[in-house]
Amino acid sequence: MINRRQFIHSAGATAASVSLANLPGLALAKTDSGQIELRAKTAEHALPGESYAASKLWLYDGKLPGPEIRLRKGEVVRIKFINELDEPTSIHWHGVRIKNAMDGVSGLTQDPVAPGQSFDYEFEVPDSGTFWYHAHNKSWQQVARGLYGPLIIEDEVPVFDRDHDITLMMDDWRLDQNGQLHLASLGDVGDWSHAGRLGNFITVNGRREPVFKLFRGENYRLRLINACNARVLIVSPAALGAKILGFDGFDLTEPLEPQFDTLPVAPAQRVDLLVRGESLDPARLNDVGDFALQELTQTTAYSMAKFEFVEPPNGPQKTTSLSLSPNAIAAPDLDNAVDVTLDMTGGAMGRTEGLIYQGRQLNINEMFDTGQVWAFNGVANLSDQPLFRVQRGQTIRLKTMNQTGWIHGMHVHGHHFRILSRQREELVKDAWRDTFLIDGDETVEIAFVADNPGKWLLHCHMLEHAAGGMNTWFEVI
Ligand code: C2O
Ligand code: CU
């Protein structure tokens, strides 16, 4: 059996030694009618490198990650999604304040797209920023197989040109001894009741440790996206001399010096960094003379990607001043907020007296038999009644109490929110987020204006936790 505690560090004969261009955008793939076609299909791909046996993945357009979809803020996009897999699926456009019918949640906002069928997504993108798309039917399996890709919405006048705007989509895979995706453990109830499916091999843009060549002294936007099923990736912007431009796609009002040496990025969260390759601490340089984006959850740091800073051929560029244009979003009206509480229970080693699933009380044995091992307010998964139902425009103050021993990354569909209080983290006051972290036994309060009509999910983005019960919905009317 694979050793899940240890990352596989050097599976490939050599780490990637070429500098990679940016991900190709999808803009060229538009048909004459302006529609984009996107296909979910099976594909063979050797994750650790060509010399290894290929894994059977499920990918958008056969690519890992799926093609980068780049749009302009305010644009209306039309995407014909064709399902060439043998099982039903749908696409969720994570973080986009989208109209409800296009949110892509199988079983709530649409029927899953059957094999051989297609679905036309058409929506406006109201905010600029770093978003992503992923499967939203049995996500614990479909995302683990590779069904995800970046969705980048540029500002009307982009602050960074294409050469200075780099997407880094990070994922951890669970590989067996042959370097193939470990399929037998998909759906393992042990994962569902513990931390979720953790991998032992990290890719960035589908590759092990890609190298990016950057011109020293020029401004770059790095868009980090955590596409892991369950791993909270710990990164260190400070080690790259980076500032933080924004979280979960929404730019801050100005670049922020990292407050701490490490920054956790939960599954589905994004962080945009500003790097200039100047005044970097030489002690952070590795022996080949480059800087690594490291993952720090284990005792040994894991180098996910590398940056080689080179002198610009025509001398240092004049850096134009950097002014961010944060998205406009309604501020919560806390004096007139509706208070909602969410009590998270269950999981291994947790206190639980059972839970309700599909209207039926389950005891502990039944919980483990059905895989419904987590609950929100005593209920596992979606029930007929929403967590709350409010009129459009109402401010919600949501207090989440994590009574489990596990960390969770909680995602609100269709809305961005402010974090009002969190016990274990200094807050960035002007940050808007769509996914928040909550530690074991922690309480977190968030607030947002429920101004997007429809039925929206609220769930843990540790995908095994969501499947195992950490899933509810609310309605804005
Ligand atoms: Cu990114 Cu409901 O998910
Ligand atoms: Cu969780």
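All values reported here derive from a predicted model rather than from experimental measurement.

Draft legend 1. Quick look at the overall build of the chain. Looking only at helices and strands, the chain features four helices and 32 strands. If one aligns the C-alpha atoms of the chain with their principal axes, the spans along those axes are about 70 × 55 × 50 Å. Put simply, of all contacts in the chain between residues at least 6 apart along the chain, 77% involve residues at least 24 apart. When the accessible surface of the chain is split by element, carbon and sulfur atoms take 47% of a total near 19100 Å².

Draft legend 2. Focus on the coordination of the copper ion (ligand 2). The protein atoms that coordinate the copper ion (ligand 2) are His 408 (ND1), Cys 460 (SG) and His 465 (ND1), at distances spanning 2.0 to 2.1 Å. Between the donor residues of the copper ion (ligand 2), the gaps in sequence give the motif H-x51-C-x4-H. Of this pair, His 408 sits in strand β27 (residues 408–412) while Cys 460 sits in strand β31 (residues 454–460), placing them 52 residues apart in sequence. Note on His 408: relative accessible area 0%, which makes it buried.

Draft legend 3. Quick peek at the environment of Ser 118. Within the secondary structure, Ser 118 sits in strand β6 (residues 118–124). Its relative accessible area of 37% is what places Ser 118 among the partly exposed residues. The contacts of Ser 118, once residues within four sequence positions are left out, are Lys 80, Phe 81, Ile 82 and Val 113.

Draft legend 4. View of the pairing of strand β10 (residues 201–204). In β10, alternate side chains face the same way, and those of Phe 201 and Thr 203 on one face and Ile 202 and Val 204 on the other are all buried. In terms of strand pairing, strand β9 (residues 165–173) meets β10 through four bridges, oriented antiparallel. Pairing of Asp 172 across the sheet is with Ile 202, part of β10.

Draft legend 5. Representation of the pattern of salt bridges. Enumeration over the complete set of coordinates arrives at 27 salt bridges. Across the pair Asp 127 and Arg 97 runs a salt bridge, and its minimum N-O distance is 2.7 Å. Highlighted residues: Asp 127 in the loop between β6 and β7 (129–135) and Arg 97 in the loop between β5 (91–94) and β6, separated in sequence by 30 residues. Here the two residues Asp 127 and Arg 97 agree in accessibility, since each one is buried. Salt-bridge contacts for Arg 270 lead to Asp 434; the nearest nitrogen and oxygen are separated by 2.8 Å. Taken as a pair, Arg 270 in strand β17 (residues 270–275) and Asp 434 in the loop between β28 (418–422) and β29 (435–438) lie far apart in primary sequence, 164 residues in all. Across the pair, Asp 434 and Arg 270 agree in class, each one buried. Each member of the salt-bridge network shares a partner with another, and the members are Glu 68, Arg 70, Arg 72, Glu 154, Arg 162, Asp 165, Arg 221, Arg 223, Asp 251 and Asp 272.

Draft legend 6. A look at the sheet that holds strand β3 (residues 69–72). Taken in spatial order, the four strands of this open sheet run β3-β8-β7-β5, and their pairing is mixed. The open sheet is flanked by β3 and β5, the only strands paired with a single partner. Shown here is a sheet whose adjacent strand axes are inclined to one another by a mean of 25°, direction ignored.

Draft legend 7. Focus on the sheet that holds β29. Strand order across the open sheet formed by five strands is β25-β32-β31-β27-β29, with mixed pairing between neighbours. Among the strands making up the open sheet, the edge pair consists of β25 (389–390) and β29. As paired elements, β27 and β31 share three bridges and run antiparallel to each other. Paired with Met 410 across the bridge in β31 is Cys 460.

Draft legend 8. A look at a nonpolar patch on the surface. A contiguous nonpolar surface patch, about 210 Å² in accessible area, is contributed by Val 189, Ile 364 and Phe 368. Its place among the elements puts Phe 368 in helix α3 (residues 364–370).

Draft legend 9. Up close: the side chain of Ser 128. Mapping Ser 128 onto the fold places it in the loop between β6 and β7. Residue Ser 128 is classed as buried on the basis of its relative accessible area of 6%. A polar contact of 2.7 Å, which involves the side chain of Ser 128, links it to the side chain of Asp 155. If we ignore the near neighbours within four places in the chain, the residues touching Ser 128 are Lys 73, Ile 153, Glu 154, Asp 155, Gly 249, Ser 325 and Asn 327.

Draft legend 10. Spatial organisation of the environment of Arg 360. Here Arg 360 lies in strand β22 (residues 360–362). Take Arg 360: its relative accessible area is 47%, and that puts it in the partly exposed class. Spatially, the C-alpha atom of Arg 360 lies 9.5 Å from that of Val 379, the residues being 19 residues apart in sequence. Look past the residues within four positions of Arg 360 in its chain and what remains in contact with it is Leu 355 and Glu 366.

Draft legend 11. Molecular detail of the packing of aromatic side chains. Taken as a whole, this structure holds 13 aromatic pairs when the rule is applied. Both rings, one in Phe 119 and one in Tyr 121, keep their centres 4.6 Å apart while their planes meet at 55°; by these two values the pair is tilted. The interplanar angle of 85° and the centroid separation of 5.7 Å between the aromatic rings of Phe 417 and Phe 436 together place this pair among those described as edge-to-face. Taken together, the residues span a long stretch of sequence, with Phe 417 in the loop between β27 and β28 and Phe 436 in strand β29 at a distance of 19 residues. Both residues of the pair, Phe 417 and Phe 436, belong to the buried class. Aromatic rings pair up to connect Tyr 60, Phe 81, Trp 93, Phe 119, Tyr 121, Phe 123 and Tyr 133 into one cluster.

Draft legend 12. Molecular detail of unusual backbone geometry. Leu 64 connects to Pro 65 through a cis peptide bond whose omega is -15°. Of note, Pro 65 is situated in the loop between β2 (55–60) and β3. With a phi angle near 80°, Ala 268 is a residue other than glycine that sits in the positive phi range. One can find Ala 268 in the loop between β16 (263–265) and β17.

What counts, and at which threshold
Residues numbered from 1 in each chain as written. Chains lettered and ligands numbered in written order. Predicted model: local features only at pLDDT ≥ 70, side-chain atom pairs only at ≥ 80, totals over all residues. Heavy atoms only, no water. Helix = DSSP H or I, 4+ residues; strand = E, 2+ residues; numbered from the N terminus. Contact = heavy atoms within 4.5 Å. Areas by Shrake-Rupley, 256 points an atom, 1.4 Å probe, with all protein chains shown as cover. Donors = N, O, S within 2.8 Å, 3.2 Å for Na, K, Ca; no water. Buried < 20%, exposed > 50% of the residue type's maximum accessible area, 1.4 Å probe, protein only. Pairing = 2+ DSSP bridges. Salt bridge = Lys/Arg side-chain N within 4 Å of Asp/Glu carboxyl O. Axes fitted to C-alpha atoms, helices over the stretch in contact; angles between N-to-C directions. Patch = residues over 30% accessible without salt bridge, like charges linked within 9 Å, V, L, I, M, F, W, Y side chains within 5 Å. Polar contact = N/O pair within 3.5 Å; in protein donor to acceptor, adjacent residues only side chain to side chain. Phe/Tyr/Trp six-rings, centres within 6.5 Å; stacked < 30°, edge-to-face > 60°.

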